[in-house]
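Fold and geometry: a report
Residues per chain, in single letters:
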Amino acid sequence: MKKLILFFLLSCLIVGVHAVLGKSIQESESPNSWIWVHANDNRSEKEWRDVLTKISDSGIEGILFGGSPEQVRNIAPLTKEFSLSLHAWMWGMNRPDLAEKHPEWLSVNQNGESIEDKKAYVDYYKFMCPAIPGVKDFLKELVEDYASIEELDGIHLDYIRYVDVILPTTLQPKYDINQDKAYPEWDYGYHPYLVEKYKSEYGIDPLTLENPENDQQWLQFRFDQVTEVVDELTTLAHNRGKLISSAVFPSPSMSREMVYQDWGKWKLDFYFPMVYHNFYNAELDWVGEQLKEGVETVDGDVFGGMFIPAFSEKGELKKALEIAEENGAKGISIFDYNSVKDHQWEEIKSALK
């Protein structure tokens, strides 16, 4: 009887701890403005303090910091001195480092060509197959490493998708291609492991389909492989008391079509749609349309990712922030620190005032 009572009390304590932790993670007030910042080992501590001063003085409240766990561990205490929220910015499926050790895990297109043997757009595109257990284990271990940093507030996922099956409008001429639809050369997600997994579940070889790039069941299956990875990383981050966010394509519908990224089904704390309007020959109103779809689809806070070189005229960034907020976004994020010109810091400060 005593053992039963003790077990009951311990169970209540565990449930209570998780309830408090969940509340602190989900209901804590989040920043309304962020900036992507790359690690730079050549910067001294004084130079980093100058960087953080500039960011803080502008009104930006959060940093998405791209660097190794050790680099994040070094910068984290400094960000707290400036009362800045900090998320470790880590790449997901695009892992050039992992490709060197495991080229056999790299993604394969519909033509049977591995990205190891045939370049997809740029040399640094080394996308992994999301279904492979070793890929999942690698990403989970990386999240664990980041989450061990006490001062870190969260994990920020990037490239958590497949290779672009359709590039943004303004980028296609750069590669002398016209992607008016999905074509086999750019249709990735045919790694033998993933194909066999689908055959085992549905009894169908996707390569025998007449138009596999348009088969909704096969498409959704591929979407779900990435979503499963995101779900596992989300659970892991939350269990370690960290928030989790991701950079995603402009809207849930565009993401599914362009990069097989079904972020409308994810359960993140924050979402950062990259609404880079100049990539799509679009006006600022388009930013609002994309963000509105995301806001209406997910539960977490949505922040409009702004490509700072696109804002050349005074007042444009402030207008973009207004449009984002009018359409339900919590705020914006700037890409990236290195791209911000001196005169734009005042523009950012004015926009965030």
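To be clear, the structure that these remarks concern was listed above.
The structure reproduced in this document is the subject of the present report. Computed from a predicted model, the values in this text were never measured in an experiment.

**Some points on the packing of helix α10 (residues 316-326) against helix α11 (residues 342-352)**
Running from amino to carboxyl end, α10 crosses α11 at an angle of 30°, the nearest separation of the two axes being 8 Å. Comparing their axes, α11 and α10 come out roughly parallel. Classified by chirality, the crossing of α11 by α10 is right-handed. Of the residues in α11, those touching α10 at Glu 316, Leu 317, Lys 318 and Leu 321 are Glu 347, Ile 348, Ser 350, Ala 351 and Leu 352. Partitioning the contact of α10 with α11 into residue classes produces five nonpolar, one polar and three charged.

**Some remarks on unusual backbone geometry**
Here Phe 335 and Asp 336 are connected by a cis peptide whose omega angle stands at -15°. Of note, Asp 336 is situated in the loop between β8 (331-335) and α11. Although it is not a glycine, Tyr 121 adopts a positive phi angle of roughly 70°. For Tyr 121, the location among the structural elements is in the loop between α4 (96-101) and α5 (133-147). Residue Tyr 121 is classed as buried on the basis of its relative accessible area of 7%. Positioned with a positive phi, Asn 281 is a non-glycine residue whose angle comes to about 55°. Overall, the relative accessible area of 61% leaves Asn 281 in the exposed class.

Here is what the cut-offs are and how they apply
Residues numbered from 1 in each chain as written. Predicted model: local features only at pLDDT ≥ 70, side-chain atom pairs only at ≥ 80, totals over all residues. Heavy atoms only, no water. Axes fitted to C-alpha atoms, helices over the stretch in contact; angles between N-to-C directions. Helix = DSSP H or I, 4+ residues; strand = E, 2+ residues; numbered from the N terminus. Parallel < 35°, antiparallel > 145°, perpendicular 65-115°, else oblique. Left-handed = near helix turned anticlockwise from the far one by under 90°. Contact = heavy atoms within 4.5 Å. Nonpolar A, V, L, I, M, F, W, Y, C, P; charged D, E, K, R; others polar. Buried < 20%, exposed > 50% of the residue type's maximum accessible area, 1.4 Å probe, protein only.

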